[in-house]
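Reading the structure
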Amino acid sequence: MKIGYLAIPVAVVCGSLMTAGQVAQAPVGTLKIVSSLPRTGSANAQTNTIVNGIRLAIDECGGQIDGWKIEYQDMDDASPQRGNWDPTVEAQNANSAAKDKSCVAYIGTFNSGAAKVAMPILNRAGLVMVSPANTYPGLTKPGQGEANEPAVYRPTGKVNYFRIVPTDDLQGVYAANWAKELGVTKVFILNDRELYGKGISGVFRKQAEKLGIEIVGFEEIDSKAANYRSLVTKVKAKNPDLVYFAGTTQTNGGQIGKDLRSGGFEGMYMVPDGCFERAFIEAGGAENLNGRTYVTFGGLPPEKLTGKGAEFCSSYRSKFGADPEAYAVYGYEAARVILAGIANAKTKDRAGILAAVAATTDFDGVLGKWSFDADGDTSSQVMSGQIVRGGEFEFVKVLGK
Amino acid sequence: MRWRPGPIFIILALATCIPLLDQILPVELQLSEAVRGVFLYAILALGLNVVTGYAGLLNLGIAAFMAIGAYTFGILTCEIYPFQLGFWSALGLTIPIGALAGFILGAPTLGLRGDYLAIVTLGFGEIVQDVLKNLDVVTKGTQGINPLPAPTFGGHEWTADDEYKWYYLLLALLVVTVIAIRNLERSRLGRAWFSIREDEIASRSMGIRVERIKMIAFATAAAIAAMAGGLSASILSSTGEPSNYDFQISILALCIVIVGGIGSIAGVLVGALVMVGLNSIVLVKATAWMAAHGIGSQGNVLLSPNNWKFLIFGLALVLAVRLKPSGLVPPRIERAPQ
Amino acid sequence: MLDLDVFLQQLITGLSNGMIIALIAIGYTMVYGIIELINFAHGDVFMLGAFLALTLVGALGIEAWGPSGQVAGVAVLLVGSALFCGSLNWSLDRCAYRSLRKSSKLSLLVSAIGCSFICMNLGLFWGGVPMEVFAGGNAAAAPKDFPALIPQVNLLGDGFLRITPADLLVWAVTIPLMIGLTIMVKRTRLGRAMRAVAQDPVAASLMGIPVDRVIGATFFIGGALGGFASVVYSLYNNTIGFQMGTRAGMDAFTAAVLGGIGSLPGAVLGGLTIGCVRAMSDQYLELRWTNTIVFCILVLILIFRPNGLLGATRREKV
């Protein structure tokens with residue numbers, strides 16, 4: 001931890017020295033980047049790493065671009081009475097960002113439901129929004145959600161929302177394909193009834209049916225239950241090869257893995273990227289997950305990264321004293337694509353920066369080389385499969401293109 | 001019950017000024033949007049005050065009626081459903097539908113005593129969330145229903161940019177609710193509520209039809225809460241997801257009523273200002289200020305200001321009832337000593 | 001054959017889960033019986049007990065004590081957590097509730113809600129303690145793995161039906177506690193004093209019973225049961241987290257009401273009922289409707305038995 005404490009002031013001092021050295025005069029002005037993520041309550045663990053990633057990206061550019069000072073504000077879209085994201089607070093954050101003239105970019109949200117609230121507000125304000133975590137397809141892709149999506153999120157008709165994570169419709173398909181390759185013939189599907197889990201389980205189910213995998217059960221769990229022993233009994237009686245849980249660590253992905261083990265289920269267990277974090281292994285217990293737990297993730301895992309990604313890993317490690325998590329990668333990438341947008345913008349205002357971010361092509365990112373398409377989605381379709389072994393995620397193979 | 005307009009008028013006058021002040025203040029100090037939340041919770045808590053404050057029935061599931069209001073509003077207005085009503089007619093309909101829901105819950109259970117009733121309302125709150133989540137064919141499950149319309153005046157539909165209009169609309173609806181409840185409070189019905197709260201058996205022997213009176217209290221509270229739900233959905237242009245209306249919201253409403261002064265309208269208003277103000281104004285602005293000035297740290301759990309929010313909220317509750325056990329603004333009719 | 005096994009397995013799961021709920025429910029029902037307070041903080045006191053247990057596991061290195069040493073370790077955890085939760089509950093009464101005895105029941109309720117938030121936040125801080133068992137405290141809010149000191153192996157061999165030492169632990173801890181508690185309330189001086197205060201605090205104090213001390217003792221005992229429950233819960237589920245108190249508290253409070261609030265056997269019956277209904281609904285209906293079914297059954301039972309399953313019919317005084 002000591003390194004972490006020292007590193008922050010050092011980085012700040014270096015940053016200001018660099019600024020002083022490069023541009024003699026005072027900054028031309030201030031550009032503000034805000035993030036709106038649930039910082040109170042159970043999602044706090046994941047959002048901490050996202051914020052770390054964002055801070056790292058901003059520190060790396062010395063806190064300034066072309067003489068413009070880059071400011072960062074970490075907003076909380078959760079409220080103490082809810083202990084989770086709160087639509088009122090999210091709307092409040094979006095409105096205050098929209099009103100703040102110096103604010104030029106909005107990193108968020110964590111929950112797709114929160115994005116639905118913030119997107120129209122920011123769209124009217126012409127503010128670029130980059131999400132490090134939303135995977136609900138309807139936010140960007142026509143025909144994937146309701147009939148009126150995604151047009152309802154773009155009252156001005158312009159695209160201002162971008163995401164750097166592949167959507168659920170990709171991940172569900174790749175996960176099912178991988179299950180087939182692993183020789184699964186019977187699968188029991190679970191989801192956590194959240195937007196994320198429900199979407200991904202639906203896609204997984206469709207693809208599994210297409211591949212001829214028999215679906216022996218489909219259940220929506222109560223993510224606050226103390227244990228899932230009765231569920232495990234139900235699963236065992238159906239005798240599947242694989243249990244697929246579409247959900248996150250927060251919605252008890254670890255506990256299910258653990259209960260499958262202690263309930264005597266011998267088959268495989270597969271989860272999506274909502275569980276691709278150390279906390280999942282910590283919650284599930286390494287001895288319960290080792291060798292039988294498969295995790296899919298949109299992008300390559302940090303330690304497989306080369307070039308930019310490898311640099312990121314080492315600087316993250318030296319700054320925060322821990323290995324970066326998947327979520328940290330997303331946060332870092334979101335901040336970097338915005339910073340690149342600011343650097344490339346012809347005019348350093350909202351419209352200029354929005355245009356520059358939208359024009360992102362062949363971005364040399366931590367997640368590989370990718371571009372934003374016309375809907376605001378990442379072109380990166382690289383997905384990787386991991387297995388839990390020896391209490392760590394171990395890279396198995398690349399799943400997508 | 002002499003009409004003493006003092007505090008309410010001062011509050012009202014101050015409330016009217018806030019958007020004007022916002023015009024000249026920097027973004028960080030603007031308050032109108034946060035105060036809007038205070039109004040919304042004040043309406044919700046006024047509803048709860050009818051059933052818990054006046055009739056003395058502890059209700060731990062008021063948020064369920066808010067959810068019913070929000071989803072009713074959503075289904076009646078959203079373009080993906082066949083009804084597609086306008087803002088005012090849909091908001092008007094949330095009131096009878098909320099009352100009906102209150103009636104459905106109340107009818108079989110009002111014979112229950114005190115906390116047995118409380119647990120049933122708590123259970124109802126959970127059931128409503130589950131049903132909204134599970135009947136996704138109708139309610140879109142956790143997706144939420146959006147977009148929802150804002151009020152239209154003279155052919156111009158408001159957007160989020162018209163925030164001061166929203167502010168004054170909520171203020172006006174709050175004032176209307178306060179006047180309506182004040183009239184109820186002083187009516188025959190209001191006196192009947194007080195009477196069953198103080199002594200059910202005595203009231204019964206005086207010829208008050210206790211079950212019916214309780215039922216009306218239940219339905220009134222549900223109707224007001226449903227209206228608050230419809231309003232909140234319209235402001236957000238989305239119903240959010242069912243768990244946005246969970247037990248924690250019911251608890252917040254209850255804390256507003258009790259900390260403010262149970263059974264007192266002015267008390268509920270002050271309670272909403274203090275509780276919601278603490279959560280969504282003071283704590284939000286304070287953490288934003290600390291973050292902007294580099295106070296606090298990510299690495300250490302104790303140094304991150306966000307991690308203190310539960311504790312501060314809890315301490316505020318404990319201290320409030322400790323220092324003012326009968327509320328910040330207690331009602332003028334004191335309850336009989338127990 | 002499989003069908004019968006499935007049914008029996010669900011019954012075992014339901015009973016084990018129900019026992020844990022019952023143990024927490026007793027804490028609610030005792031406090032409610034004596035001062036008519038729904039002690040919202042009880043679930044969070046229980047949660048802190050689990051954090052203490054996990055801290056003890058790490059600090060004493062219980063995992064390395066070997067199979068028989070671990071059983072002794074469990075005993076240490078039980079005693080430690082019970083003392084801790086009992087004292088904590090007693091302190092809450094002393095600091096936050098006692099001065100409100102004369103005020104309305106609802107201000108007491110709000111005070112308890114406040115304490116619940118405070119305890120929850122303390123749990124969050126506790127999860128951030130830099131300690132090996134908390135995974136270095138890197139993610140304070142994340143759920144924590146609780147080592148399986150009592151192994152989750154099948155005692156019945158390789159068949160479908162499973163009874164694990166963890167199941168046995170749940171029963172071996174809860175049943176004697178419940179019997180002991182019932183005897184204590186029925187037979188001892190303290191028990192009689194507690195019942196007297198519950199009946200009529202004024203009359204009890206006139207008879208020379210130190211009412212505040214008896215109430216304090218009730219809080220201590222209720223909290224201690226929560227402490228036992230927290231260790232049993234942790235060893236059975238092997239995961240703890242700072243928000244686990246909310247759900248556990250809600251289940252337990254429902255159980256207490258279902259059984260007839262204020263009644264000890266009622267709380268046990270209520271807990272077992274809820275545990276079994278949950279398990280059966282999970283198996284034979286859909287998981288997503290389980291909560292709804294539990295509460296519908298609660299409403300139905302209360303309509304026909306307005307004072308819960310075993311609650312005494314209390315006539316309101318005129």
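Use the structure listed above.
What comes next is a walk through the structure. None of the values given here were measured: they were computed from a predicted structure.

**With respect to the overall build of chain C**
Across its full length, chain C holds 11 helices and two strands. A compact globule built from 318 residues would reach a C-alpha radius of gyration of about 20 Å, and chain C, at 20 Å, matches this within 12%. Considering chain C as a whole, with its 318 residues, one finds that 64% of them fall into the buried category. Contacts in chain C between residues far apart in sequence, at least 24 positions, make up 73% of those at least 6 positions apart. As presented, chain C carries roughly 12000 Å² of accessible surface, and 67% of it is formed by carbon and sulfur atoms. The averaged location of the 16 negative side-chain charges in chain C is 17 Å from the averaged location of its 20 positive side-chain charges.

**So, the sheet that holds strand E1 (residues 29-37) of chain A**
Residue and element names in this part refer to chain A. Reading across the sheet, the six strands line up as E2-E3-E1-E6-E7-E8 and stay open at both edges, with mixed pairing between neighbours. Since the sheet does not close on itself, it has two edges, and those belong to strand E2 (64-65) and strand E8 (161-163), each with one partner. Note: strand E6 (residues 103-107) against strand E7 (residues 128-131), three bridges, orientation parallel. If you follow Tyr106 over to E7, its bridge partner there is Met129. Relative to the sheet, helix H4 (residues 112-125) contacts E6, E7 and E8, its axis offset from that of E7 by approximately 160 degrees.

**Looking at a positive patch on the surface**
All names here are of chain C. On the surface, Lys186, Arg187, Arg189, Arg192 and Arg195 cluster together to form a positively charged patch. Elements with a contribution of two residues or more to the positive patch: helix H5 (165-187) and helix H6 (189-199). The leading source of residues in the positive patch is H6, at three residues. Mapped onto the fold, Arg189 is located in helix H6. Residue classification places Arg189 among the exposed residues on the basis of a relative accessible area of 72%.

**Considerations on the sheet that holds strand E10 (residues 214-220) of chain A**
Residues and elements named next belong to chain A. As summarised here, the arrangement of the seven strands in space is E10-E9-E11-E12-E13-E16-E17, forming an open sheet in which the pairing is mixed. Every other strand in the sheet has two partners, leaving E10 and strand E17 (392-398) as the edge strands with one partner each. Here the strands of the sheet are splayed against their neighbours by 25 degrees on average, with no regard to which way each runs. Along the sheet face, helix H8 (residues 253-262) touches strand E9 (186-191), strand E11 (242-246) and strand E12 (268-271) and points at about 175 degrees away from the line of E12.

**What about the packing of aromatic side chains?**
Geometrically, a pair of aromatic rings is defined through the distance of the ring centres and the angle of the planes. Per the counting criterion, the structure on display carries 32 aromatic pairs over all chains. Between Phe312 of chain A and Tyr316 of chain A, the aromatic rings sit 5.7 Å apart at their centres with planes inclined by 55 degrees, giving tilted as the arrangement. In this pair, Phe312 of chain A and Tyr316 of chain A are both assigned in helix H11 (residues 308-320), four residues apart and thus about one turn of the helix distant. The pair Phe312 of chain A / Tyr316 of chain A is uniform in exposure class, with both members buried. Between Tyr167 of chain B and Tyr168 of chain B, the ring centres sit 5.4 Å apart and the planes meet at 85 degrees, which makes this aromatic pair edge-to-face. What makes Tyr167 of chain B buried here is its relative accessible area of 0%. Positioned above the aromatic ring of Phe160 of chain C, the side-chain terminus of Lys236 of chain A is 4.6 Å from the ring centre.

About the cut-offs
Residues numbered from 1 in each chain as written. Chains lettered and ligands numbered in written order. Predicted model: local features only at pLDDT ≥ 70, side-chain atom pairs only at ≥ 80, totals over all residues. Heavy atoms only, no water. Helix = DSSP H or I, 4+ residues; strand = E, 2+ residues; numbered from the N terminus. Rg over C-alpha atoms; globule rule 2.2 N^0.38 Å. Buried < 20%, exposed > 50% of the residue type's maximum accessible area, 1.4 Å probe, protein only. Contact = heavy atoms within 4.5 Å. Areas by Shrake-Rupley, 256 points an atom, 1.4 Å probe, with all protein chains shown as cover. Lys, Arg positive; Asp, Glu negative; His and termini not counted. Charge placed at Lys NZ, Arg CZ, Asp CG, Glu CD. Pairing = 2+ DSSP bridges. Axes fitted to C-alpha atoms, helices over the stretch in contact; angles between N-to-C directions. Patch = residues over 30% accessible without salt bridge, like charges linked within 9 Å, V, L, I, M, F, W, Y side chains within 5 Å. Salt bridge = Lys/Arg side-chain N within 4 Å of Asp/Glu carboxyl O. Phe/Tyr/Trp six-rings, centres within 6.5 Å; stacked < 30°, edge-to-face > 60°. Lys NZ or Arg CZ within 6 Å of the ring centre and 35° of its normal.

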